[in-house]
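As a plain string of letters, each chain reads:
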Amino acid sequence: MSKAREKSTWGESMFGSPLPVSSSMLFVSIVLYMGLVHIPRLQDYWSGNEFYGMPFCKKTMARGTFFSILWNLHISSHADNEKNNKKRGTPDFDSLCKLKPFLDELTVACKNPLPPAAGHRNRRTNGCHKNPLP
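Draft legend 1. Looking closely at the overall build of the protein chain. Scanning the protein chain from N- to C-terminus turns up six helices and zero strands. Order of helices (α) and strands (β) in the protein chain, N terminus to C terminus: α-α-α-α-α-α. Looking at the protein chain residue by residue over its 134 residues, the buried ones come to 19%. Sequence separation of 24 or more characterises 42% of the internal contacts of the protein chain that already satisfy a separation of 6 or more. With the model as given, the accessible surface of the protein chain reaches about 10600 Å², and the carbon-plus-sulfur share is 59%.

Written out as structure tokens, the structure reads:
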């Protein structure tokens, strides 16, 4: 059995259903934290060593759970990944192919401002959207 298949099977046995939103938010928070605090190996974020161990990661999610989600998280389709892998070594290869659907959604979300909350007065429009202030 290949290592990828073994990891996939482990993840299926661990979750067996879609990942709960709370777990996915915890996972994302750890990934963001890892982007801010750089440590040479991922496993070291859960290390008992004073120098490497990060209490935030240990308190937020078990290492096995984090790695199971990491190994089984698929944002793009396998068909798109296979097409892109055939382009490896050419200028058409997209190194962010696996993240493309997420990045597209993130771009759209960032370009569309949230509507003001109910009862919130927008400073630029002074509470009225039809007559913006200069």
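Draft legend 2. View of the layout of surface pockets. Of the volumes computed, that of the largest pocket is approximately 530 Å³. Going through the elements one at a time, helix H2 (21-36), helix H4 (63-72), helix H5 (78-85) and helix H6 (100-111) are the ones with two or more residues in the lining of the largest pocket. Top element by residues in the lining of the largest pocket is H2. It accounts for five residues. Taken together, the residues that form the lining of the largest pocket break down as 13 nonpolar, five polar and one charged.

Draft legend 3. Molecular detail of the environment of Lys 100. Take Lys 100: it is sitting in helix H6. By relative accessible area, which is 41% here, Lys 100 ends up partly exposed. Linking Lys 100 and Asp 80, residues 20 residues apart in sequence, is a C-alpha distance of 10.0 Å.

Draft legend 4. Here's a closer look at the environment of Cys 97. Mapped onto the elements, Cys 97 comes out in the loop between H5 and H6. Overall, Cys 97 belongs to the buried group, its relative accessible area being 12%. Distance in space between the C-alpha atoms of Cys 97 and Lys 83 is 9.9 Å, their sequence separation being 14 residues. Ignoring anything within four residues of it in the chain, the contact list for Cys 97 reads Ser 76, Asp 80, Asn 81 and Asn 84.

Draft legend 5. Up close: the pattern of salt bridges. What the rule picks out here adds up to one salt bridge. The closest approach of N and O atoms between Arg 41 and Asp 44, which form a salt bridge, is 3.3 Å.

Draft legend 6. Representation of the packing of aromatic side chains in the model. Taken as a whole, this structure holds six aromatic pairs when the rule is applied. On the numbers, 4.7 Å between centres and 40° between planes, the contact of Tyr 33 with Phe 56 is tilted. Here Tyr 33, found in helix H2, pairs with Phe 56, found in helix H3 (residues 55-60); they are 23 residues apart in sequence, far enough to count as distant. Arranged with centres 6.0 Å apart and planes meeting at 55°, the rings of Trp 46 and Phe 67 form a pair that is tilted. With a gap of 21 residues between them, Trp 46 in the loop between H2 and H3 and Phe 67 in helix H4 connect regions that are remote in the sequence. Phe 67 carries the same exposure label as Trp 46, and that label is buried. Connected via pairs of aromatic rings, a cluster forms that spans Phe 27, Trp 46, Phe 66, Phe 67 and Trp 71.

Conventions we followed
- Residues numbered from 1 in each chain as written.
- Predicted model: local features only at pLDDT ≥ 70, side-chain atom pairs only at ≥ 80, totals over all residues.
- Heavy atoms only, no water.
- Helix = DSSP H or I, 4+ residues; strand = E, 2+ residues; numbered from the N terminus.
- Buried < 20%, exposed > 50% of the residue type's maximum accessible area, 1.4 Å probe, protein only.
- Contact = heavy atoms within 4.5 Å.
- Areas by Shrake-Rupley, 256 points an atom, 1.4 Å probe, with all protein chains shown as cover.
- 1 Å grid on protein atoms, 1.4 Å probe; cavity = no way out; pocket = protein on both sides within 12 Å on 5 of 7 lines; lining within 4 Å.
- Points joined across faces, edges and corners; volume = space filled by probe spheres on them.
- Nonpolar A, V, L, I, M, F, W, Y, C, P; charged D, E, K, R; others polar.
- Salt bridge = Lys/Arg side-chain N within 4 Å of Asp/Glu carboxyl O.
- Phe/Tyr/Trp six-rings, centres within 6.5 Å; stacked < 30°, edge-to-face > 60°.

By themselves, these are just geometric observations and shouldn't be taken as functional.
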